[in-house]
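Now for the letters of each chain:
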Amino acid sequence: MAETQQHEDSKYAAKAERRAAKLAKEIGAFARAHGGAEGQLAYIGHEGTRIVLVGDDGGWGDLVAPSYAIAQSAVEKAGITVHETFDGEFAAKVKTGPYEWTRMAGIQVGGPSNG
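Every value quoted in this text rests on a predicted model; they were computed, and no experiment measured them.

What counts as what
Residue numbers here run from 1 along each chain, matching the order of that chain's written sequence. Two thresholds apply to this predicted model, a pLDDT of at least 70 for residue-level local features and 80 or more for giving and counting side-chain atom pairs, whereas whole-chain, interface and lining totals are computed over all residues. To get the side-chain values, take all heavy atoms of the structure and skip hydrogens and water. Salt bridge, as used here, is a side-chain nitrogen of Lys or Arg placed within 4 Å of a carboxyl oxygen of Asp or Glu. Helix and strand definitions follow DSSP, with helices as H or I runs of at least four residues and strands as E runs of at least two, each counted in order from the N terminus. Residue burial is assigned from relative accessible area. The probe radius is 1.4 Å, only protein chains are included, and a residue is buried under 20% of its type maximum, exposed over 50%, and partly exposed in between. Definition of nonpolar core: a set of buried residues of the types Ala, Val, Leu, Ile, Met, Phe, Trp, Tyr and Cys, connected through side-chain atoms within 4.5 Å. The contact definition used throughout considers only heavy atoms, calling two residues in contact when any of these lie within 4.5 Å. DSSP-based pairing: two strands are paired if at least 2 bridges between them are found.

How would you sum up the pattern of salt bridges? Please name residues and give values.
In total, this model carries three salt bridges according to the counting rule given. A salt bridge links glutamate 17 to lysine 77; its shortest N-O distance comes to 2.5 Å. Remark: lysine 77 occurs in helix 2 (residues 68-78) and glutamate 17 occurs in helix 1 (residues 2-33); sequence separation between them is 60 residues. Judged by relative accessible area, glutamate 17 falls into the partly exposed class, the value being 41%.

Describe the nonpolar core, with residues and values.
In this structure, Leu23, Ile27, Ile51 and Leu53 are the most contacted members of the largest nonpolar core, which totals 17 residues. Broken down by secondary-structure element, the contributors of at least two residues to this core are helix 1, strand 1 (37-43), strand 2 (49-55), strand 3 (60-65) and helix 2. For this core, the leading source of residues is helix 1, giving six residues. The residues touching leucine 23, leaving out its near neighbours within four places in the chain, are Ile51, Leu63, Val64, Ala65, Ile70 and Ala74.

Provide a residue-level description of the pairing of strand 2, including the pertinent values.
Burial analysis of strand 2 places six of its seven residues in the buried class, the great majority of the element. The pairing of strand 1 with strand 2 spans seven bridges and is classified as antiparallel. From the neighbouring strand, glycine 39 faces strand 2, where its bridge partner is leucine 53. Here strand 1 hands over to strand 2 after five residues, with glycine 45 in that stretch at a positive phi of 85°. Bridge count between strand 2 and strand 3: six bridges; the pairing is antiparallel.

What follows is the structure in structure tokens.
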């Protein structure tokens, strides 16, 4: 029985390692496309952990990892700076355009609707 559990644990660890490596590759591609990148990890419950990325050019995006440990491993492998919170100077780096204002706040602040 213990042998079966060890086998399952090693299978899970290998799968987690592959997922972290894939995410790290995606983070690296984002960083190259945006002149560098920084990130922040946000636990989103059962769904996992969101890796919020902000490029040096103000571009932004996110990825979702199945667990906080996998997200943490991915950003470590990618070698990006990770912030504890998404505020202050880090948040100020995000550049938004008309699309974001329309989708996220446009209706609330009297902007055009996407209808």
